[in-house]
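Results of the structural survey
Here are the chains, one letter per residue:
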Amino acid sequence: DGGITQSPKYLFRKEGQNVTLSCEQNLNHDAMYWYRQDPGQGLRLIYYSQIVNDFQKGDIAEGYSVSREKKESFPLTVTSAQKNPTAFYLCASSLRQGGDTEAFFGQGTRLTVV
Amino acid sequence: AQKVTQAQTEISVVEKEDVTLDCVYETRDTTYYLFWYKQPPSGELVFLIRRNSFDEQNEISGRYSWNFQKSTSSFNFTITASQVVDSAVYFCALSEPISNFGNEKLTFGTGTRLTIIP
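In what follows, the accompanying structure is described. Bear in mind that the values here come from a model prediction, so they are computed numbers and not experimental data.

Across its full length, chain A holds zero helices and eleven strands. For chain A, the sequential pattern of α-helices and β-strands runs β-β-β-β-β-β-β-β-β-β-β. Relative to the compact-globule value of 13 Å for 114 residues, chain A shows a C-alpha radius of gyration of 13 Å, a close match. Buried positions account for 48% of the 114 residues belonging to chain A. Excluding contacts between residues fewer than 6 apart, the proportion of contacts in chain A whose partners are at least 24 apart in sequence is 54%. Accessible area for chain A stands at about 5,400 Å²; split by element, carbon and sulfur atoms hold 46% of it. Between the centroid of the 12 positive side chains of chain A and the centroid of its 12 negative side chains there is a distance of 7 Å.

Below, the structure is given as structure tokens:
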């Protein structure tokens with residue numbers, strides 16, 4: 001089945017550690033996105049990528065890093081510089097970047113700092 | 001800056017009642033897109049509808065209907081004869097340009113948690 005796969009579903013991180021969240025899509029979409037969701041808030045954009053080997057910062061990129069070496073993969077690293085990383089992280093993709101195509105979302109990764 | 005407001009934080013209705021979720025947006029763009037997404041307990045966002053700013057025609061899809069009014073900058077969502085499976089968080093979103101190269105991003109409202117009581 002075509003879709004977006006995020007792993008792991010739950011992730012626990014010790015303070016000071018970097019962790020990487022995986023996002024893979026087999027929809028042949030050009031654009032990919034990472035969003036962060038906190039309780040009672042909407043989704044906020046962390047990073048986005050329009051094409052392979054290119055990515056741009058979103059609204060809350062500090063403390064995060066990404067790579068886009070393959071079209072189907074867009075991993076997110078939460079670094080120790082991110083002061084409040086506990087949140088629900090959603091990866092999305094769309095056929096191209098632009099409001100005329102809808103974004104498809106993965107099932108999310110819930111990250112907790114212990 | 002663009003903004004999406006969903007003033008209803010939580011709504012509870014008894015099954016089979018109709019319910020309307022409100023969405024008000026702010027934008028300076030003349031061309032934009034509006035979206036509704038559903039987030040069930042499983043966590044992923046499910047796309048429901050996309051509406052172009054030039055198309056104010058209301059849309060109906062089964063028990064779902066959407067009322068887009070540019071004059072009041074609103075894009076409301078109505079569920080008719082609600083069912084327990086409709087229980088979820090619903091997000092309204094607005095696309096906005098973020099560069100001169102055609103890049104756009106979605107600005108989300110804070111969501112409305114809808115609970116359908118059996």
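Before going further, it helps to examine the sheet that holds strand β8 (residues 76–78) of chain A. Residue and element names in this part refer to chain A. If you walk across this open sheet you meet the four strands as β1-β3-β8-β7, and the pairing is antiparallel. Looking along the sheet, the strands with just one partner apiece sit at the ends: β1 (4–7) and β7 (64–66). In this sheet, adjacent strand axes meet at a mean angle of 20 degrees when their direction is disregarded. Both β1 and strand β3 (residues 19–25) contribute to a ladder of four bridges, which runs antiparallel.

Residues and elements named next belong to chain A. Summed over the entire model, instances satisfying the criterion amount to seven salt bridges over all chains. When the shortest N-O distance is used, the salt bridge between K71 and D30 registers 3.4 Å. On the criterion of sequence distance, the pair formed by K71 in the loop between β7 and β8 and D30 in the loop between β3 and β4 (31–37) is long-range, its members being 41 residues apart. The class of K71 is partly exposed, set by a relative accessible area of 26%. D38 is the salt-bridge partner of R36, the closest N and O atoms lying 2.9 Å from each other.

So, about unusual backbone geometry. For the peptide bond that leads from S7 of chain A to P8 of chain A, omega is -10 degrees, which places it in the cis range. Mapped onto the elements of the fold, P8 of chain A is located in the loop between β1 and β2 (10–13). Despite not being glycine, N28 of chain A shows a phi value in the positive range, around 60 degrees. Relative to the assigned elements, N28 of chain A resides in the loop between β3 and β4. Of note in the backbone geometry, K16 of chain B takes a positive phi value of approximately 85 degrees without being a glycine. The topology assignment puts K16 of chain B in the loop between β2 (10–14) and β3 (19–21).

Residue and element names in this part refer to chain A. On β3, burial follows the alternation: V19, L21, C23 and Q25 on one face are buried, whereas T20, S22 and E24 on the facing-out side are not. Judged from the three bridges that link them, β3 and β8 form a sheet pairing that is antiparallel. Within the sheet, the bridge partner assigned to T20 lies in β8 and is T77.

Let us now look at the environment of R63 of chain B. Residues and elements named next belong to chain B. By secondary structure assignment, the location of R63 is in the loop between β7 (59–61) and β8 (64–69). For R63, a relative accessible area of 24% gives the class partly exposed. C-alpha of R63 to C-alpha of L48: the two residues are 15 residues apart in sequence and 12 Å apart in space. Residue contacts for R63: discarding those within four places in its chain leaves T78, I79, T80, A81, S82, Q83 and D86. Polar side-chain contacts of R63 include one of 3.3 Å to the backbone oxygen of A81. In terms of polar contacts, R63 uses its side chain to reach the side chain of D86, at 2.8 Å.

Before going further, it helps to examine the interface of chain B and chain A. Of the residues lining the interface, 21 residues belong to chain B; the matching set on chain A comes to 22 residues. Each partner contributes to the roughly 1,800 Å² buried at the junction of chain B and chain A, and carbon and sulfur atoms together form 50% of this total. In this assembly, chain B and chain A are joined by one salt bridge. Put simply, chain B and chain A have four residue pairs in polar contact (both at pLDDT 80 or more) between them. Its residues placed into classes, the side of chain B that touches chain A shows nine nonpolar, eight polar and four charged.

Conventions and cut-offs
- Residues numbered from 1 in each chain as written.
- Chains lettered and ligands numbered in written order.
- Predicted model: local features only at pLDDT ≥ 70, side-chain atom pairs only at ≥ 80, totals over all residues.
- Heavy atoms only, no water.
- Helix = DSSP H or I, 4+ residues; strand = E, 2+ residues; numbered from the N terminus.
- Rg over C-alpha atoms; globule rule 2.2 N^0.38 Å.
- Buried < 20%, exposed > 50% of the residue type's maximum accessible area, 1.4 Å probe, protein only.
- Contact = heavy atoms within 4.5 Å.
- Areas by Shrake-Rupley, 256 points an atom, 1.4 Å probe, with all protein chains shown as cover.
- Lys, Arg positive; Asp, Glu negative; His and termini not counted.
- Charge placed at Lys NZ, Arg CZ, Asp CG, Glu CD.
- Pairing = 2+ DSSP bridges.
- Axes fitted to C-alpha atoms, helices over the stretch in contact; angles between N-to-C directions.
- Salt bridge = Lys/Arg side-chain N within 4 Å of Asp/Glu carboxyl O.
- Polar contact = N/O pair within 3.5 Å; in protein donor to acceptor, adjacent residues only side chain to side chain.
- Buried area = accessible area lost by both parts, 1.4 Å probe.
- Nonpolar A, V, L, I, M, F, W, Y, C, P; charged D, E, K, R; others polar.

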